[in-house]
Protein chains: 2
Amino acid sequence: MRLPVPPVSGMDLEVIAVGTELLRGHTIDTNTAELAATLGEVGISVARCTTVADDQSQIESTLKDALRRTGLVVLTGGLGPTPDDVTREAVAEVFGVELAVDEEHLERLKSWFADRSGRAMPHSNAKQCEVPLGAELLSNQQGSAPGIWMKGEDGIAILLPGVPHEMKHILHAQVIPRLRDRLLTSDGYVAVSKSLTLRTTAVSESLLADLLAGVESDIAPVTLSYLPTVFGVELCLTALRMPPENAVQVLAAAESTLRERIGKWVYGTGDDDLAAVLLDRLRDRGARLAVAESCTGGLVGARITSVPGSSDVFKGSLVAYDDSVKISQLGVAESSIREYGAVSEEVVLEMAEGVSRRLETDAAIAVTGIAGPSGGSPEKPVGTVYLAAVLNGQTMTSRKIFPGEREWVRNRSAQDALALLWELALR
Amino acid sequence: MRLPVPPVSGMDLEVIAVGTELLRGHTIDTNTAELAATLGEVGISVARCTTVADDQSQIESTLKDALRRTGLVVLTGGLGPTPDDVTREAVAEVFGVELAVDEEHLERLKSWFADRSGRAMPHSNAKQCEVPLGAELLSNQQGSAPGIWMKGEDGIAILLPGVPHEMKHILHAQVIPRLRDRLLTSDGYVAVSKSLTLRTTAVSESLLADLLAGVESDIAPVTLSYLPTVFGVELCLTALRMPPENAVQVLAAAESTLRERIGKWVYGTGDDDLAAVLLDRLRDRGARLAVAESCTGGLVGARITSVPGSSDVFKGSLVAYDDSVKISQLGVAESSIREYGAVSEEVVLEMAEGVSRRLETDAAIAVTGIAGPSGGSPEKPVGTVYLAAVLNGQTMTSRKIFPGEREWVRNRSAQDALALLWELALR
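Predicted model, so just to flag it, every value in this text is computed and none were measured.

Visitor: So, a positive patch on the surface: which residues are in play, and what are the values?
Guide: Together, R357 and R358 of chain A together with R357 and R358 of chain B give the surface a local cluster of positive charge. Every element with two or more residues in the positive patch is listed here: α14 (345–358) of chain A together with α14 (345–358) of chain B. Considering the arrangement of structural elements, one finds R358 of chain A in helix α14.

See the structure below:
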């Protein structure tokens, strides 16, 4: 979505992630998401992130461009003790100052090493005490690289270590308070950006888009974005840069507008897990749950038991991967498998009823399907999955064809199996 | 580290990751790492990655800069059916062409929807059939957004969907072959960067580091890095930009040096999954496998069945989350649970033997433990897990205390359960 013009002033910054390992694909950059989420909460937007190599001239040119655009840049990485760490050098060059040893930090680092390891500080760490002249150190309680706050004519560069937990620590303890002060000074109050996610399942992104056609103008200034995941489509509502009360208000209004149109597909908000939502609903009814799985091999049970406290509802499951186990342990009729195939509506229903009987539960879920890559046929291509749900004698079944690879098919199957019982329990 | 001057010529490209959700911190970008690793294998380096919002003018200016620098740009994201998806529009603008409906793709998409859902294509999907004039479509077997290959005077832009498995699929099936052809034409041969990962389990990073002290100089020019994961420590060996034969040679030498020192901990290389390695070993012995799970709730079965073709070895599993199910379905003695507790060596062994008897298999794995956050005691703190393995009458048990959160404990338990049977099957 387009970033709307902020209704009250906030602040933009750019992020530069430094590290050849990021450009080689050895490491996934999690720092940018952490920075963006944390900064967003105090009304600061990340306008752009650039990932560059541990290469001094590349860092310099990228930093110059970023300062020109926003005047405020966070750099992560390249503050270590080894020769490939050159972020300090690049920043000093761009701000036109020398690097100088911070004697106070050098002493602190030496005693840090003595305390931790009883050893002298390795020579290579001395490099971490070099700081661009005029910069302020941001102390790091979790490692040897301090952060650096460098202010010059062209703006501010904030240097943070690349190690995620060190970055996070300095960000929260040192950077956010300083940035908040800046916002307060210039505006009188802090503008926040708040988000609210509605989680849907068993409905396609394009069908939601049809149902929500034109909604953007109804919910403005709140913006809407669609995030398709293996668990369904998430609808993310964002109120950008407002006083906190306003943000809460406009988000609540937007939420109810969306729920009016597509409420039946929404199972939760924020980080809500469909398994947890389902368990709550069954708990309210005093129902116990059992699961029978074939192609998912245990994923449905794993999803359910990932919820702490699931044991008062969930009794257990039977993974009947081999047809002989479907017959011997779940009581599926041999004739059903012969006549309709192990991947069929008849068999999935017998699986659900069988496990419910075996484990003595009121509720049950069953899944059987062809996860691929082989095993498909023209009538039942790879991705064909049958689902069944049982609750106090009522039953529902469903047939799906999921596109995608084996793990995607299996995870979608597990989610839709949970959704089927959730739907049945709504009645 | 600084990128060394390539000994033979390769190719640089830039990546632009499009998505407001990335800049808000709602989503962690995994596509760039996937792209970088895959491109690196055919000798193409990612020189820079820029993350921008779903904002047409920002995409346009970033694309122009990137084309100017390298003439070859991959854009991920912004190809969906919703109004916030504007990557197609931005690319058409930069290349100075119109967007036009690709009628052939429109027909294909309509029948894709009819086949999958029996419904008409939602109107919103029509947008995904618009293509910059002159562009080539890259077919997508896993979703509704095709990739796009756009060539103009200023270079090449390759548009891929943001959904990771769709991106990966088009990258491997369509993009790499086209890029490889280009490299071959211009250079005669391709310089590659190759990596090789040795996967270890049930051994700590620091013990491996001690055993491998000083090995770096023995294996140069190959470099070694340690990547601790929930599955164990991965040892990543990298040979940078060499003719393919050289890379293969030096990596093989480094691998054998490492195996001499720590071979007993290595269960596989590359993407080898311990579950797959274990299944191969059992298959060789003609053994069938059953699983009994408590705290892992189905994760061990899910791991095993994530391996295509697991059905000839794996018969099924019983998830006995409730103690009554341990007794009724696995034949665990009520007195054992009363006397030793459900989390005990006695019970885990009865679980393994019970499931092996029930499902008539030669091999079995069982897990019972306290995943937390509650349920711990001074004698059995949260993280205490008992594992058992059975193979042709031989048994092994193991007690572990895993630090960490619920999901970490459960995933470590599943991995160590597989490792226990792997070790037993080595005898």
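From this point, the discussion proceeds with the structure in view.
Visitor: Which residues make up the sheet that holds strand β13 (residues 289–293) of chain B, and what values go with them?
Guide: Pairing within the open sheet is mixed, and its 10 strands lie in the order β17(A)-β16(A)-β15(A)-β13(A)-β14(A)-β14(B)-β13(B)-β15(B)-β16(B)-β17(B). The sheet terminates laterally at β17 (394–401) of chain A together with β17 (394–401) of chain B, the two strands that pair on one side only. Each neighbouring strand pair of the sheet contributes to a mean axis angle of 10 degrees, computed without reference to strand direction. Where strand β13 (residues 289–293) of chain A meets strand β14 (residues 314–320) of chain A, 5 bridges bridge the pair, whose relative direction is parallel. Its bridge partner lying in β14 of chain A, L289 of chain A is registered against F314 of chain A. Lying on the sheet, helix α15 (residues 406–426) of chain A is in contact with β13, β15 (363–369), β16 (384–391) and β17 of chain A; it crosses β16 of chain A at an angle near 30 degrees.

Visitor: Pulling in residues and values, what's your account of the pairing of strand β3 (residues 72–76) of chain B?
Guide: Residue and element names in this part refer to chain B. Counting buried positions over the 5 residues of β3 gives 5, a clear majority of the element. Where burial is concerned, the two faces of β3 agree: the one with L72, V74 and T76 and the one with V73 and L75 are both buried. As defined by bridge partners, strand β1 (residues 11–18) adjoins β3 across 4 bridges and the pair is classed as parallel. By the bridge assignment, I16 is partnered in β3 with L75. Note that β3 and strand β8 (residues 155–160) share 5 bridges and pair parallel.

Visitor: Describe in detail the side chain of T38 of chain A, supporting the description with residues and values.
Guide: All names here are of chain A. Structurally, T38 is set in helix α2 (residues 31–41). A relative accessible area of 8% places T38 in the buried class. Among the polar contacts listed, one links the side chain of T38 to the backbone oxygen of E34, at a separation of 2.8 Å. Each residue touching T38, except ones within four places of it in the same chain, is listed here: L171, H172 and I176.

Visitor: Can you tell me about helix α12 (residues 323–330) of chain A, naming the residues and giving the values?
Guide: Residues and elements named next belong to chain A. Turning to α12, its buried residues are V325, K326, Q329 and L330. Seen from one end, α12 has its buried residues packed into an arc of 105 degrees, which puts them on one side. Downstream of α12 by a residue or two, G331 has a phi angle that is positive, lying close to 75 degrees.

Visitor: Let's hear about the packing of aromatic side chains: which residues, and what values?
Guide: Ring pairs (aromatic) are described by centroid distance and by the angle formed between their planes. What the rule picks out here adds up to 5 aromatic pairs over all chains. Plain terms: the ring middles of F314 of chain A and Y321 of chain B are 5.5 Å apart, the flat faces sit at 55 degrees to each other, and that makes the pair tilted. With F314 of chain A in strand β14 and Y321 of chain B in the loop between β14 (314–320) and α12 (323–330), this pair bridges two chains. Here F314 of chain A and Y321 of chain B have matching classes, each one buried. Sitting above the plane of the W265 of chain A ring, K264 of chain A keeps its charged end 4.5 Å from the centroid. Across the ring face of W149 of chain B, the terminal group of R178 of chain B is positioned such that the distance to the ring centre comes to 5.9 Å.

How each quantity is defined
Residues numbered from 1 in each chain as written. Chains lettered and ligands numbered in written order. Predicted model: local features only at pLDDT ≥ 70, side-chain atom pairs only at ≥ 80, totals over all residues. Heavy atoms only, no water. Patch = residues over 30% accessible without salt bridge, like charges linked within 9 Å, V, L, I, M, F, W, Y side chains within 5 Å. Areas by Shrake-Rupley, 256 points an atom, 1.4 Å probe, with all protein chains shown as cover. Salt bridge = Lys/Arg side-chain N within 4 Å of Asp/Glu carboxyl O. Lys, Arg positive; Asp, Glu negative; His and termini not counted. Charge placed at Lys NZ, Arg CZ, Asp CG, Glu CD. Helix = DSSP H or I, 4+ residues; strand = E, 2+ residues; numbered from the N terminus. Pairing = 2+ DSSP bridges. Axes fitted to C-alpha atoms, helices over the stretch in contact; angles between N-to-C directions. Contact = heavy atoms within 4.5 Å. Buried < 20%, exposed > 50% of the residue type's maximum accessible area, 1.4 Å probe, protein only. Polar contact = N/O pair within 3.5 Å; in protein donor to acceptor, adjacent residues only side chain to side chain. Arc of directions from axis to C-beta. Phe/Tyr/Trp six-rings, centres within 6.5 Å; stacked < 30°, edge-to-face > 60°. Lys NZ or Arg CZ within 6 Å of the ring centre and 35° of its normal.

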